[in-house]
Amino acid sequence: MSDEIVVTESVRQRVKRPLGRLIKGSPAETRQPLAGLVSQGGWTKVISVGDGVTRELIALGITPDVAIVDGNIERKPIEPIVLQGARELVCQNRPGTINKAAYKTVERALEMRGPVIVRVEGEEDLLGLVVMAEAPLGSLMLYGQPGEGVVAVLIDEEANKLGRSLIAASSQPR
């Protein structure tokens, strides 16, 4: 992997569609289904990608094992998210890219005992692909689908393979 992968237009178009099960609706409408899904338990890890979904989990009294945030919701700055007792990691990741250091930071967070918050200076959106590629099997990744709802991705071998293939398809070093 070069220092930075610039995500191709075809991969960008693919990730605009849900990569898992879409829970449709506004935050108020997705709250109960989200709580039910997470509370099923048995997840290896619960991982949130994005400030909106992380805030929703916290409002439900659920602390994700790993939260990857950039301090914005739909590109508008928000108050920093606080996870009580969380260890914090910081990385940089430019929009439209997956930076090698950010990739390693997410990998490290996934290996740590939670809660861990990864604060991304730049944009966290595409780091969900790293979660898909590297999270332990049996984990649950949650991320917001703008204007549609929340996407739940069960991390299984198929999700690992999809995450890796989308990253590989984007291997256009700058």
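Reading the values: the criteria
- Residues numbered from 1 in each chain as written.
- Predicted model: local features only at pLDDT ≥ 70, side-chain atom pairs only at ≥ 80, totals over all residues.
- Heavy atoms only, no water.
- Buried < 20%, exposed > 50% of the residue type's maximum accessible area, 1.4 Å probe, protein only.
- Helix = DSSP H or I, 4+ residues; strand = E, 2+ residues; numbered from the N terminus.
- Contact = heavy atoms within 4.5 Å.
- Pairing = 2+ DSSP bridges.
- Axes fitted to C-alpha atoms, helices over the stretch in contact; angles between N-to-C directions.

Looking now at helix 3 (residues 51-59). Of the residues making up helix 3, those classed as buried are Asp51, Val53, Thr54, Glu56 and Leu57. Residues of helix 3 that are buried make contact with helix 2 (27-39), strand 3 (46-49), strand 4 (66-69), strand 5 (72-73), strand 10 (139-145) and strand 11 (149-155). Backbone geometry just after helix 3 places glycine 61 at a positive phi near 80°.

Our focus in this paragraph is the environment of glycine 163. Examined against the element boundaries, glycine 163 turns out to sit in helix 6 (residues 157-169). On the accessibility criterion, glycine 163 (0% relative accessible area) is buried. Between the C-alpha atoms of glycine 163 and glutamate 134, which are 29 residues apart in sequence, the distance is 8.3 Å. Among residues more than four places away in sequence, those in contact with glycine 163 are Leu129, Met132 and Ala133.

Moving on, we come to the sheet that holds strand 4. Whether parallel or antiparallel, the strands of a sheet pair through hydrogen bonds between backbone atoms. On the basis of which strands lie adjacent, the open sheet formed by seven strands has the order 2-11-10-3-4-9-7 and mixed pairing. Two strands bound the open sheet, and with one partner strand each, they are strand 2 (21-24) and strand 7 (87-93). The sheet shows a mean angle of 20° between the axes of neighbouring strands, taken without regard to direction. Two elements, strand 3 and strand 10, share four bridges in a ladder whose sense is parallel. The partner of valine 46 across the bridge, within strand 10, is leucine 140. Against the sheet, helix 2 touches strand 2, strand 3, strand 10 and strand 11, its axis set at about 140° to strand 2.

Another aspect to go through is the pairing of strand 10. In summary, the side chains of a regular strand alternate between the two faces of the sheet. Within strand 10, six of the seven residues are buried, which leaves the element mostly enclosed by the surrounding structure. Pairing between strand 10 and strand 11: seven bridges, direction antiparallel. Pairing of tyrosine 143 across the sheet is with valine 151, part of strand 11. Where strand 10 hands over to strand 11, the hairpin turn is made up of three residues, of which glycine 147 adopts a positive phi near 75°.

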